[in-house]
Amino acid sequence: MPEKSPESAMAPQKLLCLPSLLLLLLTRLLPQADTRSFVVDRDHDRFLLDGAPFRYVSGSLHYFRVPRVLWADRLFKMRMSGLNAVQFYVPWNYHEPEPGVYNFNASRDLFAFLKEATLANLLVILRPGPYICAEWEMGGLPAWLLRKPKIRLRTSDPADNMTKIFALLRKYEPRGPLVNSEYYTGWLDYWGQNHSTRSVPAVTKGLENMLKLGASVNMYMFHGGTNFGYWNGADEKGRFLPITTSYDYDAPISEAGDPTPKLFAIRNVISKFQEVPLGPLPPPSPKMMLGPLSLHLDGNLLAFLDFLCPQGPIHSILPMTFEAVNQDHGYMLYRTYLIHTVSEPAQFWVPNNGVHDRAYVMVDGVFQGVLERNMKHNLFLTGKKGAKLDVLLENMGRLSFGSNSSDFKGLLEPPILGQTVLTQWLMFPLKVDNLVKWRFPNQLLKSSHPQTPSGPTFYSTTFPILDSGGDTFLFLPGWTKGQVWINGFNLGRYWTKRGPQQTLYVPRPLLFPRGALNKITLLELENVPLRPQIQFLDRPILNGTVHKTHICSLSAESASEPMELSGH
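How each quantity is defined
Residues numbered from 1 in each chain as written. Predicted model: local features only at pLDDT ≥ 70, side-chain atom pairs only at ≥ 80, totals over all residues. Heavy atoms only, no water. Pairing = 2+ DSSP bridges. Helix = DSSP H or I, 4+ residues; strand = E, 2+ residues; numbered from the N terminus. Axes fitted to C-alpha atoms, helices over the stretch in contact; angles between N-to-C directions. Buried < 20%, exposed > 50% of the residue type's maximum accessible area, 1.4 Å probe, protein only. Contact = heavy atoms within 4.5 Å. Phe/Tyr/Trp six-rings, centres within 6.5 Å; stacked < 30°, edge-to-face > 60°. Lys NZ or Arg CZ within 6 Å of the ring centre and 35° of its normal. 1 Å grid on protein atoms, 1.4 Å probe; cavity = no way out; pocket = protein on both sides within 12 Å on 5 of 7 lines; lining within 4 Å. Points joined across faces, edges and corners; volume = space filled by probe spheres on them. Nonpolar A, V, L, I, M, F, W, Y, C, P; charged D, E, K, R; others polar. Left-handed = near helix turned anticlockwise from the far one by under 90°. Core = buried A, V, L, I, M, F, W, Y, C linked by side-chain atoms within 4.5 Å. Salt bridge = Lys/Arg side-chain N within 4 Å of Asp/Glu carboxyl O. Arc of directions from axis to C-beta. Parallel < 35°, antiparallel > 145°, perpendicular 65-115°, else oblique. Polar contact = N/O pair within 3.5 Å; in protein donor to acceptor, adjacent residues only side chain to side chain.

A.B. asks: Sorry if this is basic, but what is going on with the sheet that holds strand 18 (residues 366-372) here?
C.D. replies: In a beta sheet, neighbouring strands are held together by backbone hydrogen bonds and run either parallel or antiparallel to one another. Within the open sheet, the six strands sit side by side as 13-24-14-20-17-18. Their pairing is antiparallel. With one partner strand each, in any of the chains shown, strand 13 (314-316) and strand 18 form the two edges of the open sheet. The average undirected angle you get between the axes of adjacent strands in this sheet is 25°.

Here is the structure:
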């Protein structure tokens with residue numbers, strides 16, 4: 001799944017808005033579209049496709065959550081399940097990483113995905129945005145919009161009288177076909193809560209009742225996929241809730257692309273109302289187990305700072321946000337120096353909930369602890385005059401739901417140590433993915449090992465796969481929180497300590513088979529297990545929260561009471 005070089009993949013083109021580009025793609029895809037027709041027959045409460053009554057039974061699949069080489073497999077399984085359409089979003093931020101710079105290559109080749117849907121004999125329900133929600137980073141809006149600090153997102157002029165609005169609706173649509181555009185087959189997961197599920201009987205009963213009414217239905221999700229890299233979104237329900245790397249969604253097709261009992265039950269319901277393709281569904285893909293494998297220490301993150309930020313730091317009296325320095329995703333290091341000795345432990349904190357989203361604090365390279373958005377942490381520091389204070393900020397995904405969700409990242413307020421407001425900051429926007437792809441400079445590996453690993457630290461190892469391999473699930477027992485790369489591909493975040501997700505899906509195409517060496521790299525942000533080992537399992541662990549999770553919130557009603565988190 002390696003992509004083309006950034007130079008070729010994201011070469012500037014003529015400035016067109018994203019909807020215009022989509023229209024051009026669809027025009028190319030459907031040269032004979034004028035010979036077909038799709039009509040909303042409101043007189044008879046139905047759709048007409050090419051003049052004949054038509055009802056769609058669709059499923060959602062997000063091409064941006066599935067490796068390109070697996071698109072055809074997932075779409076074929078959807079068609080064999082009895083679906084006649086696929087519904088999907090087009091995330092603006094996935095295709096326009098910088099203003100006026102477009103990327104429709106490799107895994108972003110929308111034209112190729114539309115062709116795969118055509119080959120699978122599936123109609124397409126296209127939802128191009130610009131806002132999509134989808135539990136995706138910033139709901140699909142590009143982070144560069146926030147480079148205008150006073151921007152207000154997802155707002156409009158004040159609405160008219162609601163009675164007039166509904167009257168206007170009835171004026172133009174007194175009748176029409178019944179449609180459920182998002183019938184939920186499961187639900188998403190948040191870090192720190194239980195894995196969400198929806199029972200097979202509940203899903204099939206609701207589906208059958210709608211189909212009896214003659215309704216068209218789209219099932220969200222039919223295949224969930226994975227939030228690779230930094231693409232997960234977040235919610236805010238009294239506190240900040242980042243979404244897990246897995247987007248399995250308890251969907252009919254699992255994260256690894258396997259048919260589930262829910263799929264076969266849905267297929268049986270659909271067969272009562274329309275023909276389903278003949279023939280069995282493909283069996284589950286081959287799975288692989290490997291390990292345990294021991295990882296070796298590459299070095300502390302601070303030791304690689306010159307390579308992580310080759311352009312050098314940005315200086316400011318007050319800390320600046322990610323957006324102010326054009327850092328869209330990942331991590332940024334904030335550094336200052338103590339102006340006087342702090343001999344007695346003094347509280348280190350950021351007012352006004354100003355940590356977005358998680359801060360890893362070090363004094364002279366020694367890890368001290370964590371501050372987290374919406375959470376009450378008591379962190380006390382000491383240090384001599386001139387001591388180096390480093391605060392690594394992690395962007396854990398921008399809010400994907402809600403109006404005016406301008407979710408700026410980084411230190412939004414200057415931190416306070418005791419009674420002193422800390423100023424004179426150096427900010428290092430980190431290009432961690434570039435460092436991992438460079439496979440670490442050898443001259444640094446020999447000199448970057450701390451005596452005792454502390455705080456954000458890189459680990460890696462290589463391993464062969466002797467046969468053709470298979471899909472697998474990376475298990476990180478004893479590790480705390482961090483990021484994983486396989487052969488330079490950013491697999492996503494892990495948070496073993498908080499759960500519920502305990503394994504990361506590793507698609508077979510990411511791995512080199514038949515004896516070639518594969519490399520896995522971890523950036524562990526907090527604490528490493530005594531035995532730094534990992535395993536590859538043949539099944540996922542998505543509900544690994546084995547004890548009740550209590551988190552203290554900063555909200556007034558729960559500042560002194562622990563809050564018990566539970567699944568949906």
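A.B. asks: Where do I start with helix 3 (residues 71-80) in this structure?
C.D. replies: In an α-helix, one full turn covers 3.6 residues, which means residues spaced three or four apart are oriented alike. Of all ten residues making up helix 3, seven are buried, and the element is well covered by its neighbours. Taken as a whole, helix 3 has its buried residues at Trp71, Arg74, Leu75, Lys77, Met78, Arg79 and Met80. Residues of helix 3 that are buried sit in contact with strand 4 (57-61), strand 5 (85-89), helix 5 (110-119), strand 8 (216-223), helix 8 (261-271) and strand 29 (503-506). Where helix 3 terminates, the next one or two residues include Gly82, which has phi positive at roughly 105°.

A.B. asks: How do you make sense of the packing of aromatic side chains when you look at a structure like this?
C.D. replies: When we look at a pair of aromatic rings, we describe it by the centre distance and by the angle of the planes. By the definition in use, this model includes 29 aromatic pairs. Ring geometry for Trp71 against Phe113: centres 5.2 Å apart, planes inclined by 85°, an arrangement best described as edge-to-face. Separated by 42 residues along the polypeptide, Trp71 in helix 3 and Phe113 in helix 5 bring together distant segments of the chain. Looking at Arg65, its charged tip hangs above the ring of Tyr247, at a distance of 3.7 Å from the centre.

A.B. asks: Just checking my understanding: could you explain the sheet that holds strand 6 (residues 123-127) for this structure?
C.D. replies: The strand order across the open sheet formed by five strands is 6-5-4-8-7, and the pairing between neighbours is parallel. The open sheet is flanked by strand 6 and strand 7 (179-184), the only strands paired with a single partner. Adjacent strand axes in the sheet meet at a mean angle of 30°, parallel and antiparallel pairs treated alike. Note that strand 7 and strand 8 share four bridges and pair parallel. Counterpart to Tyr184 in the pairing with strand 8 is Tyr220.

A.B. asks: Whenever I open this one, empty space enclosed by the protein confuses me. Can you help?
C.D. replies: Regions of empty space are outlined by a rolling probe, equal in size to a water molecule, passed over the atoms. By the definition in use, this model includes two cavities of 30 Å³ or more. Of the pockets and cavities examined, the second largest cavity occupies roughly 40 Å³. As for the second largest cavity, its lining consists of Leu338, Val342, Val363, Leu381, Thr382, Gly383, Leu389 and Leu417. In terms of residue count, strand 19 (residues 380-383) provides more of the lining of the second largest cavity than any other element does, three residues in total. Considering only residue class, the lining of the second largest cavity consists of six nonpolar, two polar and no charged.

A.B. asks: Explanation requested: the packing of helix 3 against helix 5 in the structure shown.
C.D. replies: Geometry of a packed helix pair, given as the angle between the helix axes and the separation of the axes. Interaxial distance between helix 3 and helix 5 falls to 9 Å at its minimum, and their mutual angle equals 35°. Crossing of helix 3 against helix 5: the hand is right-handed. When helix 3 is examined against helix 5, the residues Trp71, Ala72 and Leu75 are found in contact with a partner set consisting of Ala112, Phe113, Glu116 and Ala117. Per-class residue counts for the contact of helix 3 with helix 5 are six nonpolar, no polar and one charged.

A.B. asks: Can you walk me through the nonpolar core in this structure?
C.D. replies: If you look at soluble globular proteins, the nonpolar side chains tend to sit buried side by side. Of all hydrophobic cores here, the largest spans 56 residues; its most connected members are Tyr63, Leu75, Met78, Leu83, Leu207, Met219 and Phe222. When contributions to this core are tallied by element, the ones reaching two or more residues are strand 4, helix 3, strand 5, helix 5, helix 7 (200-212), strand 8 and helix 8. Aside from chain neighbours lying at most four places away, what touches Met219 is Val57, Ser58, Gly59, Ser60, Leu83, Tyr183, Thr185, Leu207, Ile266 and Ile270. Core analysis: the next-biggest nonpolar cluster, separate from the first, contains 25 residues, Phe322, Ala359, Leu389 and Val391 among them.

A.B. asks: Sorry, what's going on with the pattern of salt bridges here?
C.D. replies: Oppositely charged side chains may form a pair once their charged atoms are brought near each other. Counted under the stated rule, the structure contains 27 salt bridges. One salt bridge in this structure joins Asp235 and Lys237, with 4.0 Å as the shortest N-O distance. With a relative accessible area of 8%, Asp235 lands in the buried category. Overall, Lys237 belongs to the partly exposed group, its relative accessible area being 44%. Among the salt bridges present, the one from Arg358 reaches Glu372, with a minimum N-O distance of 2.4 Å. Here Arg358, found in strand 17 (residues 358-363), pairs with Glu372, found in strand 18; they are 14 residues apart in sequence, far enough to count as distant. Residue classification places Arg358 among the buried residues on the basis of a relative accessible area of 4%. Connected via shared salt-bridge partners are Glu236, Asp357, Arg373, Asp407 and Lys409.

A.B. asks: Whenever I open this one, helix 8 confuses me. Can you help?
C.D. replies: Taken as a whole, helix 8 has its buried residues at Lys262, Leu263, Ile266, Arg267, Val269 and Ile270. Along the axis of helix 8, the buried residues cluster in a sector spanning 160°; they form a single face. In this structure, the buried side of helix 8 is in contact with strand 4, helix 3, helix 7 and strand 8.

A.B. asks: In this structure, what is going on with the packing of helix 7 against helix 8? I would like to understand it.
C.D. replies: At a minimum axis distance of 10 Å, the contact between helix 7 and helix 8 shows a crossing angle of 20°. One finds that helix 7 runs roughly parallel with respect to helix 8. The two elements helix 7 and helix 8 meet at a crossing, and its hand is right-handed. Only Pro261, Lys262, Ala265, Ile266, Val269 and Ile270 of helix 8 make contact with helix 7, whose side of the interface consists of Val200, Val203, Thr204, Leu207, Glu208 and Leu211. Grouping the constituent residues of the contact of helix 7 with helix 8 by class yields nine nonpolar, one polar and two charged.

A.B. asks: Sorry if this is basic, but what is going on with the pairing of strand 29 here?
C.D. replies: Two faces, one strand: in a regular strand the side chains alternate between the faces of the sheet. Taking every second residue as pointing to the same face, both faces of strand 29 are buried, with Thr503 and Tyr505 on one and Leu504 and Val506 on the other. Both strand 26 (residues 472-475) and strand 29 contribute to a ladder of four bridges, which runs antiparallel. Bridge pairing in strand 29 places Leu474 opposite Leu504.

A.B. asks: Any chance you could explain the environment of Gln274 here in plain terms?
C.D. replies: The topology assignment puts Gln274 in the loop between helix 8 and strand 11 (290-294). Considering only alpha carbons, one finds Gln274 and Leu83, 191 residues apart in sequence, at a separation of 9.6 Å. Excluding anything up to four places from it in sequence, Gln274 contacts Arg55, Val57, Gly82 and Asn84. At 3.5 Å, the side chain of Gln274 and the backbone oxygen of Gly82 are in polar contact.

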